[in-house]
Amino acid sequence: MADLIGSSPAPVLPEPPPSRKDSPLKDPHTTAVRARPGAVHDSTTPATTLTTTATSPSDCSGSVTVTGLRKDFGDSKAVDGISFTVPAGAFLVLLGPSGCGKTTTLRMLAGLEQPTGGQISFGDRVIARGDGTANVPAAQREAGLVFQSYALWPHKTVRDNVEWPLKVAKWAAGRRRKRVAEVLELLAISELAERYPGEISGGQQQRVAIARMIAPEPKILLFDEPLSNLDAKLRVDTRGELMRIHRATGATSVYVTHDQVEAMTMATHVALMKDGRIEQFGAPRQLLENPRTAFTSTFIGTPPANVLPCTVTGGRLMAEGPTTAARLDCGPAPAGVAEGENVQVMYRATSIMLAPTPPDAPASGQTGHRTALDALYADQVPLADRWVVGVDLPGGDRLSMILPSPVDLRPGDPVHVVFPAEPDAVFGSDGVVVGEAVGGAGR
Ligand SMILES: Nc1ncnc2c1ncn2[C@@H]1O[C@H](COP(=O)(O)OP(=O)(O)OP(=O)(O)O)[C@@H](O)[C@H]1O
(Lines give C-alpha, C1' and ligand atoms only; values in the text may rest on other atoms or scores of the structure.)
Protein backbone atom coordinates (compact mmCIF):
# COMPACT_ATOMS: atom_id res chain seq x y z
CA MET A 1 0.00 0.00 0.00
CA ALA A 2 1.33 3.45 -0.87
CA ASP A 3 1.92 6.10 1.77
CA LEU A 4 -1.09 8.15 2.59
CA ILE A 5 -0.95 11.92 2.53
CA GLY A 6 -2.10 13.43 5.78
CA SER A 7 -3.14 9.99 7.02
CA SER A 8 -5.67 10.44 9.75
CA PRO A 9 -6.71 8.53 12.84
CA ALA A 10 -10.04 6.72 12.92
CA PRO A 11 -12.69 8.89 11.28
CA VAL A 12 -14.63 11.01 13.70
CA LEU A 13 -17.66 12.99 12.63
CA PRO A 14 -17.95 16.43 14.11
CA GLU A 15 -20.40 16.37 16.99
CA PRO A 16 -23.27 18.79 16.49
CA PRO A 17 -24.20 20.66 19.64
CA PRO A 18 -26.79 18.90 21.81
CA SER A 19 -30.36 19.73 21.04
CA ARG A 20 -31.90 22.46 23.16
CA LYS A 21 -33.98 20.00 25.09
CA ASP A 22 -31.15 17.48 25.40
CA SER A 23 -33.82 14.84 25.31
CA PRO A 24 -34.07 11.51 23.53
CA LEU A 25 -35.57 11.86 20.09
CA LYS A 26 -37.54 9.30 18.25
CA ASP A 27 -37.84 9.26 14.52
CA PRO A 28 -39.75 6.64 12.58
CA HIS A 29 -37.06 6.99 9.92
CA THR A 30 -34.10 6.46 12.23
CA THR A 31 -33.78 2.87 11.11
CA ALA A 32 -32.27 3.35 7.73
CA VAL A 33 -34.05 0.75 5.67
CA ARG A 34 -34.84 0.85 2.05
CA ALA A 35 -38.35 2.02 1.45
CA ARG A 36 -40.39 1.19 -1.60
CA PRO A 37 -39.62 3.56 -4.45
CA GLY A 38 -41.16 6.94 -3.86
CA ALA A 39 -42.07 6.20 -0.27
CA VAL A 40 -40.01 9.13 0.99
CA HIS A 41 -42.17 11.45 -1.02
CA ASP A 42 -45.48 9.85 -0.38
CA SER A 43 -47.80 12.48 1.02
CA THR A 44 -50.16 9.78 2.21
CA THR A 45 -47.65 8.46 4.73
CA PRO A 46 -48.36 9.43 8.34
CA ALA A 47 -47.03 12.73 9.56
CA THR A 48 -43.38 12.60 10.50
CA THR A 49 -43.07 13.22 14.22
CA LEU A 50 -40.25 13.73 16.64
CA THR A 51 -41.35 13.60 20.22
CA THR A 52 -39.36 15.18 23.01
CA THR A 53 -39.84 14.93 26.72
CA ALA A 54 -40.81 18.60 26.65
CA THR A 55 -44.13 17.71 25.05
CA SER A 56 -47.01 17.69 27.47
CA PRO A 57 -50.73 18.27 27.13
CA SER A 58 -50.33 21.66 28.74
CA ASP A 59 -47.85 22.99 26.22
CA CYS A 60 -49.38 21.56 23.06
CA SER A 61 -50.82 24.97 22.20
CA GLY A 62 -47.58 25.92 20.46
CA SER A 63 -47.14 22.64 18.60
CA VAL A 64 -47.26 22.78 14.81
CA THR A 65 -48.87 20.01 12.77
CA VAL A 66 -48.93 20.02 9.00
CA THR A 67 -50.81 17.28 7.18
CA GLY A 68 -50.66 16.66 3.44
CA LEU A 69 -50.03 20.38 2.89
CA ARG A 70 -50.03 21.53 -0.74
CA LYS A 71 -49.70 24.79 -2.60
CA ASP A 72 -50.04 25.02 -6.36
CA PHE A 73 -49.30 28.14 -8.36
CA GLY A 74 -51.03 27.30 -11.65
CA ASP A 75 -49.39 24.10 -12.87
CA SER A 76 -46.44 24.49 -10.54
CA LYS A 77 -46.50 22.50 -7.30
CA ALA A 78 -44.59 24.75 -4.89
CA VAL A 79 -45.44 22.51 -1.92
CA ASP A 80 -46.44 18.99 -2.78
CA GLY A 81 -48.11 17.24 0.14
CA ILE A 82 -45.86 17.60 3.17
CA SER A 83 -46.59 16.30 6.68
CA PHE A 84 -44.81 16.80 9.99
CA THR A 85 -45.41 17.58 13.65
CA VAL A 86 -43.17 19.49 16.04
CA PRO A 87 -43.93 19.93 19.75
CA ALA A 88 -44.30 23.27 21.53
CA GLY A 89 -40.91 24.87 22.13
CA ALA A 90 -39.25 23.14 19.16
CA PHE A 91 -36.93 24.94 16.78
CA LEU A 92 -37.87 23.61 13.35
CA VAL A 93 -35.67 24.51 10.41
CA LEU A 94 -37.10 24.23 6.90
CA LEU A 95 -33.95 23.57 4.91
CA GLY A 96 -33.36 23.02 1.22
CA PRO A 97 -32.11 24.45 -2.06
CA SER A 98 -33.60 27.49 -3.74
CA GLY A 99 -37.13 26.94 -5.00
CA CYS A 100 -37.85 23.81 -2.93
CA GLY A 101 -40.91 25.38 -1.25
CA LYS A 102 -39.57 26.57 2.13
CA THR A 103 -40.87 30.14 1.97
CA THR A 104 -44.23 29.05 0.58
CA THR A 105 -44.59 26.65 3.51
CA LEU A 106 -43.73 29.42 5.97
CA ARG A 107 -46.14 31.84 4.30
CA MET A 108 -48.92 29.28 4.65
CA LEU A 109 -48.10 28.94 8.36
CA ALA A 110 -48.16 32.74 8.68
CA GLY A 111 -51.50 33.03 6.88
CA LEU A 112 -50.09 34.92 3.89
CA GLU A 113 -50.95 32.09 1.48
CA GLN A 114 -54.00 29.84 1.50
CA PRO A 115 -53.12 26.15 1.01
CA THR A 116 -54.37 24.31 -2.08
CA GLY A 117 -54.70 21.11 -0.05
CA GLY A 118 -54.05 19.62 3.37
CA GLN A 119 -54.26 21.17 6.79
CA ILE A 120 -52.27 23.23 9.31
CA SER A 121 -52.88 23.13 13.08
CA PHE A 122 -51.28 25.15 15.86
CA GLY A 123 -51.86 23.07 18.97
CA ASP A 124 -55.41 21.68 18.75
CA ARG A 125 -56.56 24.58 16.62
CA VAL A 126 -56.93 24.04 12.87
CA ILE A 127 -55.84 27.31 11.32
CA ALA A 128 -56.00 26.47 7.62
CA ARG A 129 -57.50 23.82 5.37
CA GLY A 130 -56.91 23.48 1.66
CA ASP A 131 -60.62 23.04 1.01
CA GLY A 132 -61.24 26.52 2.47
CA THR A 133 -63.30 25.27 5.44
CA ALA A 134 -60.75 26.86 7.80
CA ASN A 135 -58.62 29.96 7.33
CA VAL A 136 -57.77 31.85 10.50
CA PRO A 137 -56.64 35.37 9.53
CA ALA A 138 -52.90 36.01 9.90
CA ALA A 139 -53.39 38.48 12.76
CA GLN A 140 -55.29 35.90 14.83
CA ARG A 141 -52.77 33.06 14.52
CA GLU A 142 -50.60 34.17 17.47
CA ALA A 143 -47.63 33.85 15.13
CA GLY A 144 -44.97 36.47 14.46
CA LEU A 145 -43.03 36.64 11.20
CA VAL A 146 -39.60 38.14 10.47
CA PHE A 147 -38.47 38.47 6.85
CA GLN A 148 -34.98 38.92 5.47
CA SER A 149 -35.93 42.53 4.72
CA TYR A 150 -36.78 44.09 8.03
CA ALA A 151 -39.81 46.12 6.86
CA LEU A 152 -39.57 48.67 9.67
CA TRP A 153 -41.63 51.85 9.50
CA PRO A 154 -39.01 54.46 8.50
CA HIS A 155 -40.95 57.37 9.99
CA LYS A 156 -41.41 55.71 13.40
CA THR A 157 -38.74 55.45 16.10
CA VAL A 158 -37.46 52.08 17.24
CA ARG A 159 -39.76 52.31 20.26
CA ASP A 160 -42.79 53.14 18.11
CA ASN A 161 -41.99 50.34 15.67
CA VAL A 162 -41.91 47.81 18.51
CA GLU A 163 -45.02 49.24 20.14
CA TRP A 164 -47.03 49.31 16.95
CA PRO A 165 -48.33 45.67 16.97
CA LEU A 166 -49.38 46.12 20.61
CA LYS A 167 -51.43 49.18 19.65
CA VAL A 168 -53.04 47.19 16.86
CA ALA A 169 -53.84 44.46 19.40
CA LYS A 170 -55.34 47.18 21.66
CA TRP A 171 -53.05 46.63 24.63
CA ALA A 172 -53.49 49.28 27.39
CA ALA A 173 -50.85 52.03 27.39
CA GLY A 174 -49.18 50.98 30.66
CA ARG A 175 -48.90 47.34 29.62
CA ARG A 176 -47.53 48.42 26.23
CA ARG A 177 -44.81 50.56 27.80
CA LYS A 178 -43.73 47.75 30.13
CA ARG A 179 -43.61 45.17 27.35
CA VAL A 180 -41.69 47.43 24.93
CA ALA A 181 -39.10 48.12 27.65
CA GLU A 182 -38.82 44.36 28.26
CA VAL A 183 -38.21 43.37 24.65
CA LEU A 184 -35.84 46.26 23.96
CA GLU A 185 -33.86 45.04 26.96
CA LEU A 186 -33.99 41.42 25.77
CA LEU A 187 -32.63 42.43 22.36
CA ALA A 188 -30.06 44.79 23.93
CA ILE A 189 -31.35 47.80 21.95
CA SER A 190 -32.79 49.94 24.77
CA GLU A 191 -30.33 52.73 24.00
CA LEU A 192 -31.61 52.92 20.41
CA ALA A 193 -35.25 53.43 21.42
CA GLU A 194 -35.56 57.02 20.22
CA ARG A 195 -33.67 56.56 16.94
CA TYR A 196 -35.23 56.07 13.52
CA PRO A 197 -34.46 52.96 11.38
CA GLY A 198 -32.32 55.10 9.05
CA GLU A 199 -30.09 55.96 12.01
CA ILE A 200 -29.14 52.40 13.01
CA SER A 201 -27.14 49.60 11.35
CA GLY A 202 -28.56 46.65 9.42
CA GLY A 203 -27.87 44.28 12.29
CA GLN A 204 -29.61 46.64 14.72
CA GLN A 205 -32.58 46.96 12.36
CA GLN A 206 -32.83 43.20 12.35
CA ARG A 207 -32.97 43.18 16.15
CA VAL A 208 -35.70 45.82 16.09
CA ALA A 209 -37.67 43.66 13.64
CA ILE A 210 -37.28 40.68 15.99
CA ALA A 211 -38.27 42.81 19.01
CA ARG A 212 -41.38 43.92 17.13
CA MET A 213 -42.20 40.30 16.30
CA ILE A 214 -41.92 38.98 19.85
CA ALA A 215 -43.56 41.99 21.56
CA PRO A 216 -47.13 40.61 21.34
CA GLU A 217 -45.91 37.29 22.85
CA PRO A 218 -46.68 35.03 19.90
CA LYS A 219 -46.69 31.29 20.50
CA ILE A 220 -45.09 30.65 17.12
CA LEU A 221 -42.08 32.55 15.75
CA LEU A 222 -41.64 32.40 11.97
CA PHE A 223 -38.31 33.41 10.42
CA ASP A 224 -37.66 33.69 6.67
CA GLU A 225 -33.88 33.71 6.15
CA PRO A 226 -33.54 36.48 8.76
CA LEU A 227 -29.74 36.47 8.69
CA SER A 228 -29.12 36.53 4.96
CA ASN A 229 -28.49 40.29 4.80
CA LEU A 230 -25.88 40.21 7.56
CA ASP A 231 -22.13 39.79 7.22
CA ALA A 232 -20.49 36.54 8.32
CA LYS A 233 -19.56 37.62 11.85
CA LEU A 234 -22.90 39.27 12.52
CA ARG A 235 -24.66 36.14 11.24
CA VAL A 236 -22.90 34.00 13.84
CA ASP A 237 -23.58 36.52 16.62
CA THR A 238 -27.22 36.99 15.65
CA ARG A 239 -27.67 33.23 15.38
CA GLY A 240 -26.70 32.94 19.04
CA GLU A 241 -29.03 35.79 19.89
CA LEU A 242 -31.95 34.16 18.10
CA MET A 243 -31.38 30.98 20.07
CA ARG A 244 -31.38 33.00 23.29
CA ILE A 245 -34.65 34.69 22.28
CA HIS A 246 -36.15 31.36 21.32
CA ARG A 247 -35.33 30.00 24.77
CA ALA A 248 -36.41 33.18 26.56
CA THR A 249 -39.83 33.28 24.90
CA GLY A 250 -40.48 29.52 25.06
CA ALA A 251 -42.17 29.91 21.67
CA THR A 252 -42.03 27.35 18.87
CA SER A 253 -39.79 28.62 16.08
CA VAL A 254 -40.01 27.77 12.40
CA TYR A 255 -36.97 29.01 10.55
CA VAL A 256 -36.34 28.98 6.78
CA THR A 257 -32.80 28.75 5.45
CA HIS A 258 -30.81 27.17 2.66
CA ASP A 259 -27.73 27.18 4.90
CA GLN A 260 -27.20 23.75 6.40
CA VAL A 261 -24.74 25.07 8.99
CA GLU A 262 -27.49 27.32 10.36
CA ALA A 263 -29.83 24.34 10.40
CA MET A 264 -27.36 22.07 12.16
CA THR A 265 -26.49 24.61 14.83
CA MET A 266 -29.96 25.91 15.64
CA ALA A 267 -32.53 23.20 14.99
CA THR A 268 -34.13 20.69 17.27
CA HIS A 269 -35.90 19.38 14.16
CA VAL A 270 -34.95 19.71 10.48
CA ALA A 271 -37.28 19.24 7.50
CA LEU A 272 -35.00 18.92 4.49
CA MET A 273 -37.07 19.84 1.43
CA LYS A 274 -36.58 19.18 -2.27
CA ASP A 275 -39.00 19.90 -5.11
CA GLY A 276 -41.85 20.77 -2.75
CA ARG A 277 -41.51 17.56 -0.73
CA ILE A 278 -39.81 16.53 2.49
CA GLU A 279 -36.73 14.53 1.64
CA GLN A 280 -35.95 13.74 5.29
CA PHE A 281 -37.27 14.92 8.65
CA GLY A 282 -35.46 14.43 11.93
CA ALA A 283 -33.02 15.74 14.49
CA PRO A 284 -29.93 17.32 12.91
CA ARG A 285 -27.74 14.40 14.00
CA GLN A 286 -30.10 11.89 12.44
CA LEU A 287 -29.81 13.57 9.05
CA LEU A 288 -26.04 13.72 9.41
CA GLU A 289 -25.49 10.20 10.70
CA ASN A 290 -28.26 8.35 8.91
CA PRO A 291 -29.03 10.06 5.61
CA ARG A 292 -32.00 8.26 4.10
CA THR A 293 -31.32 9.49 0.61
CA ALA A 294 -28.38 10.39 -1.59
CA PHE A 295 -29.69 13.96 -1.70
CA THR A 296 -29.57 14.27 2.09
CA SER A 297 -26.02 12.94 2.21
CA THR A 298 -24.84 15.54 -0.30
CA PHE A 299 -26.72 18.43 1.35
CA ILE A 300 -25.87 17.90 5.02
CA GLY A 301 -22.41 17.88 6.58
CA THR A 302 -19.28 20.03 6.56
CA PRO A 303 -18.17 19.04 4.04
CA PRO A 304 -21.06 16.89 2.78
CA ALA A 305 -20.41 13.24 1.94
CA ASN A 306 -19.07 12.13 -1.43
CA VAL A 307 -21.41 10.20 -3.70
CA LEU A 308 -20.37 8.21 -6.80
CA PRO A 309 -22.66 6.52 -9.33
CA CYS A 310 -22.11 2.75 -9.59
CA THR A 311 -23.47 -0.19 -11.53
CA VAL A 312 -23.89 -3.60 -9.91
CA THR A 313 -21.66 -5.86 -12.01
CA GLY A 314 -20.85 -9.45 -11.07
CA GLY A 315 -22.23 -8.82 -7.60
CA ARG A 316 -19.90 -5.87 -7.02
CA LEU A 317 -20.41 -2.12 -6.95
CA MET A 318 -18.45 -0.77 -9.90
CA ALA A 319 -17.99 2.96 -10.40
CA GLU A 320 -16.97 3.88 -13.90
CA GLY A 321 -17.68 6.29 -16.68
CA PRO A 322 -17.07 9.98 -17.19
CA THR A 323 -17.27 10.74 -13.47
CA THR A 324 -14.38 8.57 -12.47
CA ALA A 325 -12.68 7.67 -15.81
CA ALA A 326 -11.01 4.59 -14.30
CA ARG A 327 -13.06 1.70 -12.98
CA LEU A 328 -13.31 1.62 -9.22
CA ASP A 329 -14.33 -1.44 -7.25
CA CYS A 330 -16.47 -0.16 -4.39
CA GLY A 331 -16.96 -3.57 -2.79
CA PRO A 332 -19.63 -6.25 -2.74
CA ALA A 333 -23.18 -5.25 -3.62
CA PRO A 334 -25.44 -5.38 -0.56
CA ALA A 335 -28.56 -7.54 -0.42
CA GLY A 336 -31.50 -5.77 -1.96
CA VAL A 337 -29.87 -4.44 -5.11
CA ALA A 338 -30.16 -6.21 -8.44
CA GLU A 339 -27.45 -7.12 -10.93
CA GLY A 340 -27.21 -4.25 -13.44
CA GLU A 341 -28.94 -1.75 -11.12
CA ASN A 342 -27.61 1.79 -11.16
CA VAL A 343 -26.96 2.80 -7.57
CA GLN A 344 -24.93 5.42 -5.74
CA VAL A 345 -22.29 4.83 -3.11
CA MET A 346 -21.47 7.28 -0.33
CA TYR A 347 -18.11 7.88 1.32
CA ARG A 348 -17.86 10.30 4.20
CA ALA A 349 -15.15 12.93 3.98
CA THR A 350 -13.40 11.14 6.84
CA SER A 351 -13.44 7.79 5.00
CA ILE A 352 -11.29 8.57 1.97
CA MET A 353 -7.60 9.45 1.86
CA LEU A 354 -4.98 10.84 -0.49
CA ALA A 355 -1.88 8.99 -1.69
CA PRO A 356 0.97 10.34 -3.85
CA THR A 357 1.25 7.04 -5.77
CA PRO A 358 -1.42 4.49 -6.68
CA PRO A 359 -1.86 1.90 -3.97
CA ASP A 360 -1.11 -1.76 -4.83
CA ALA A 361 -4.02 -3.91 -5.90
CA PRO A 362 -5.45 -5.68 -2.86
CA ALA A 363 -3.83 -9.09 -2.36
CA SER A 364 -7.14 -10.82 -1.83
CA GLY A 365 -8.98 -8.88 -4.55
CA GLN A 366 -10.86 -11.25 -6.81
CA THR A 367 -11.49 -8.62 -9.41
CA GLY A 368 -8.18 -6.89 -9.91
CA HIS A 369 -10.10 -3.66 -10.17
CA ARG A 370 -8.71 -0.56 -8.59
CA THR A 371 -9.41 0.68 -5.11
CA ALA A 372 -8.11 4.18 -5.85
CA LEU A 373 -8.92 6.89 -8.38
CA ASP A 374 -6.68 9.37 -10.16
CA ALA A 375 -7.59 12.96 -9.40
CA LEU A 376 -6.17 16.45 -9.43
CA TYR A 377 -5.60 18.36 -6.24
CA ALA A 378 -7.85 21.45 -6.13
CA ASP A 379 -7.78 23.26 -2.80
CA GLN A 380 -7.81 23.02 0.98
CA VAL A 381 -9.50 25.02 3.73
CA PRO A 382 -8.99 24.82 7.49
CA LEU A 383 -11.80 23.35 9.59
CA ALA A 384 -11.02 23.86 13.28
CA ASP A 385 -7.75 21.92 13.69
CA ARG A 386 -8.20 19.83 10.53
CA TRP A 387 -8.20 20.47 6.80
CA VAL A 388 -10.86 19.95 4.18
CA VAL A 389 -9.04 18.93 1.01
CA GLY A 390 -10.82 19.03 -2.34
CA VAL A 391 -9.79 17.07 -5.43
CA ASP A 392 -11.35 16.96 -8.88
CA LEU A 393 -12.09 13.72 -10.72
CA PRO A 394 -11.55 13.56 -14.50
CA GLY A 395 -15.26 14.20 -15.11
CA GLY A 396 -15.06 17.38 -13.04
CA ASP A 397 -16.79 16.06 -9.94
CA ARG A 398 -15.35 17.23 -6.66
CA LEU A 399 -14.43 14.88 -3.80
CA SER A 400 -13.79 16.27 -0.32
CA MET A 401 -11.88 14.67 2.51
CA ILE A 402 -10.92 15.73 6.00
CA LEU A 403 -7.23 15.36 6.82
CA PRO A 404 -5.43 16.12 10.09
CA SER A 405 -2.83 18.37 8.49
CA PRO A 406 -2.52 20.51 5.36
CA VAL A 407 -1.09 18.95 2.18
CA ASP A 408 1.89 20.38 0.34
CA LEU A 409 0.43 20.39 -3.17
CA ARG A 410 -0.36 22.90 -5.89
CA PRO A 411 -3.70 23.05 -7.70
CA GLY A 412 -3.58 20.62 -10.62
CA ASP A 413 -1.03 18.26 -9.02
CA PRO A 414 -1.96 14.60 -9.65
CA VAL A 415 -3.05 12.63 -6.60
CA HIS A 416 -4.71 9.31 -5.89
CA VAL A 417 -7.83 8.99 -3.80
CA VAL A 418 -7.82 5.81 -1.75
CA PHE A 419 -11.17 4.28 -0.86
CA PRO A 420 -12.02 1.88 1.96
CA ALA A 421 -13.11 -1.68 1.16
CA GLU A 422 -16.79 -0.74 1.43
CA PRO A 423 -18.71 2.52 1.17
CA ASP A 424 -20.44 4.14 4.15
CA ALA A 425 -23.83 3.76 2.47
CA VAL A 426 -25.41 2.57 -0.76
CA PHE A 427 -28.42 4.30 -2.27
CA GLY A 428 -30.64 2.36 -4.66
CA SER A 429 -31.82 3.53 -8.07
CA ASP A 430 -34.65 5.35 -6.23
CA GLY A 431 -32.07 7.35 -4.24
CA VAL A 432 -33.11 5.71 -0.95
CA VAL A 433 -30.57 4.04 1.34
CA VAL A 434 -30.23 0.28 0.97
CA GLY A 435 -30.18 -1.60 4.28
CA GLU A 436 -28.37 -0.06 7.22
CA ALA A 437 -25.71 2.54 6.43
CA VAL A 438 -22.30 1.02 7.21
CA GLY A 439 -21.22 2.39 10.55
CA GLY A 440 -24.74 3.84 10.74
CA ALA A 441 -25.32 5.77 13.90
CA GLY A 442 -21.82 5.13 15.11
CA ARG A 443 -19.93 7.34 12.71
N1 LIG B 1 -46.51 33.73 -6.01
C2 LIG B 1 -45.97 32.77 -6.76
N3 LIG B 1 -46.42 32.54 -8.01
C4 LIG B 1 -45.92 31.55 -8.77
N5 LIG B 1 -44.94 30.72 -8.38
C6 LIG B 1 -44.44 30.91 -7.14
C7 LIG B 1 -44.92 31.93 -6.27
N8 LIG B 1 -44.24 31.85 -5.11
C9 LIG B 1 -43.37 30.84 -5.24
N10 LIG B 1 -43.49 30.26 -6.46
C11 LIG B 1 -42.72 29.12 -6.96
O12 LIG B 1 -42.86 28.07 -6.03
C13 LIG B 1 -41.63 27.37 -5.87
C14 LIG B 1 -41.21 27.41 -4.42
O15 LIG B 1 -40.89 28.74 -4.08
P16 LIG B 1 -40.40 29.14 -2.62
O17 LIG B 1 -40.19 30.63 -2.62
O18 LIG B 1 -41.32 28.58 -1.63
O19 LIG B 1 -39.00 28.39 -2.56
P20 LIG B 1 -37.83 28.56 -1.51
O21 LIG B 1 -37.40 27.18 -1.17
O22 LIG B 1 -38.24 29.42 -0.39
O23 LIG B 1 -36.70 29.26 -2.38
P24 LIG B 1 -35.62 30.38 -1.99
O25 LIG B 1 -34.65 29.71 -1.04
O26 LIG B 1 -34.98 30.71 -3.29
O27 LIG B 1 -36.34 31.53 -1.36
C28 LIG B 1 -40.64 28.05 -6.81
O29 LIG B 1 -40.59 27.30 -8.00
C30 LIG B 1 -41.24 29.40 -7.03
O31 LIG B 1 -40.87 29.91 -8.29
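Residues numbered from 1 in each chain as written. Predicted model: local features only at pLDDT ≥ 70, side-chain atom pairs only at ≥ 80, totals over all residues. Heavy atoms only, no water.

Draft legend 1. Representation of the sheet that holds strand E17 (residues 372-383) within the structure. Spatial strand order, E16-E20-E17-E18-E19: five strands in an open sheet with antiparallel pairing. The two strands at the open ends of the sheet, each matched to only one other strand, are strand E16 (353-355) and strand E19 (398-403). Geometrically, the sheet is characterised by an average inter-axis angle of 50° between neighbouring strands, direction not taken into account. In terms of strand pairing, E16 meets strand E20 (residues 414-418) through three bridges, oriented antiparallel. Bridge assignment links Leu354 to a residue of E20, and that residue is Val417. (Pairing = 2+ DSSP bridges. Helix = DSSP H or I, 4+ residues; strand = E, 2+ residues; numbered from the N terminus. Axes fitted to C-alpha atoms, helices over the stretch in contact; angles between N-to-C directions.)

Draft legend 2. View of the layout of surface pockets. The computed volume of the largest pocket comes to approximately 830 Å³. Along the walls of the largest pocket sit 28 residues, with Ala143, Gly144, Leu145, Pro165 and Pro216 positioned nearest its centre. At the level of elements, strand E7 (143-146), helix H2 (158-168) and helix H4 (202-214) are the ones that each hand at least two residues to the lining of the largest pocket. Ranked by residue count, the leading element in the lining of the largest pocket is E7, at four residues. Partitioned by chemical class, the residues of the lining of the largest pocket number 22 nonpolar, one polar and five charged. (1 Å grid on protein atoms, 1.4 Å probe; cavity = no way out; pocket = protein on both sides within 12 Å on 5 of 7 lines; lining within 4 Å. Points joined across faces, edges and corners; volume = space filled by probe spheres on them. Nonpolar A, V, L, I, M, F, W, Y, C, P; charged D, E, K, R; others polar.)

Draft legend 3. Layout of the packing of aromatic side chains. One pass over the full model with this rule turns up six aromatic pairs. Pairing Trp153 with Trp164 gives two aromatic rings, centres 5.4 Å apart and planes at 70°, and the pair type is edge-to-face. Of this pair, Trp153 sits in the loop between E7 and H2 while Trp164 sits in helix H2, placing them eleven residues apart in sequence. In this structure Trp153 comes out as partly exposed when scored by relative accessible area, which is 34%. Relative to Tyr255, the ring of Phe223 has its centre 5.6 Å away and its plane inclined at 45°; by these criteria the two rings are tilted. Taken together, the positions of Phe223 in strand E8 (residues 220-224) and Tyr255 in strand E9 (residues 252-257) put the pair 32 residues apart, joining distant regions of the chain. Pair check on accessibility: Phe223 and Tyr255 agree, each one buried. Grouped by ring-pair contacts, the aromatic residues Phe91, Phe223 and Tyr255 constitute a single cluster. In this structure, Arg175 is placed above the aromatic ring of Trp171, and the distance from its NZ or CZ to the ring centre is 3.6 Å. It is Lys274 that lies over the ring of Phe295; its NZ or CZ is 5.3 Å from the centre. (Phe/Tyr/Trp six-rings, centres within 6.5 Å; stacked < 30°, edge-to-face > 60°. Buried < 20%, exposed > 50% of the residue type's maximum accessible area, 1.4 Å probe, protein only. Lys NZ or Arg CZ within 6 Å of the ring centre and 35° of its normal.)

Draft legend 4. Quick look at the nonpolar core. Counting 44 residues, the largest nonpolar core has Leu95, Val162 and Tyr255 as its most contacted members. The element best represented in this core is H4, accounting for six residues. When residues no more than four places from it in sequence are discounted, the contact partners of Val162 are Val180, Val183, Leu184, Val208, Ala211, Arg212 and Ala215. (Core = buried A, V, L, I, M, F, W, Y, C linked by side-chain atoms within 4.5 Å. Contact = heavy atoms within 4.5 Å.)

Draft legend 5. Highlighting unusual backbone geometry. For the bond from Thr302 to Pro303, the omega torsion is -5°, close enough to zero to count as cis. Of note, the phi angle at Asp275 is positive, near 50°, even though the residue is not glycine. For Asp275, the location among the structural elements is in the loop between strand E10 (269-274) and strand E11 (277-282). Even without being a glycine, Ala384 presents a positive backbone phi close to 50°. Within the secondary structure layout, Ala384 lies in the loop between E17 and strand E18 (386-392).

Draft legend 6. Fine view of the sheet that holds E9. With respect to topology, six strands assemble into an open sheet ordered E7-E8-E9-E4-E10-E11, the strand pairing being mixed. The sheet is open, and its two edges are formed by E7 and E11, each paired on a single side. Strand-to-strand twist of the sheet, defined as the mean angle between neighbouring strand axes without regard to direction, takes the value 15°. In this structure, strand E4 (residues 91-95) lies alongside E10, joined through four bridges in parallel fashion. Following the sheet pairing, Leu94 is matched in E10 by Ala271. This element, H4, spans E7 and E8 of the sheet and lies at about 170° to E7.

Draft legend 7. Structural detail: the pattern of salt bridges. Using the criterion set out here, one finds 18 salt bridges in the structure. Lys219 is the partner of Glu142 in a salt bridge, and the nearest nitrogen-oxygen pair spans 2.9 Å. Separated by 77 residues along the polypeptide, Glu142 in the loop between strand E6 (125-129) and E7 and Lys219 in the loop between H4 and E8 bring together distant segments of the chain. Classification of Glu142 by relative accessible area gives partly exposed; the value is 40%. Between Glu194 and Arg159 there is a salt bridge, and its shortest N-O distance comes to 2.7 Å. One end of the pair, Glu194, is in the loop between helix H3 (173-186) and H4; the other, Arg159, is in helix H2, with 35 residues separating them in the sequence. What you see here is one network of salt bridges that share partners, running through Lys178, Arg179, Glu182 and Glu217. (Salt bridge = Lys/Arg side-chain N within 4 Å of Asp/Glu carboxyl O.)

Draft legend 8. Geometry of the side chain of Ser63. Locating Ser63 in the fold gives a position in the loop between strand E1 (48-49) and strand E2 (64-73). Setting aside residues no more than four positions away along its own chain, Ser63 makes contact with Val86, Pro87, Ala88, Ser121, Phe122, Gly123, Ile220 and Thr252.

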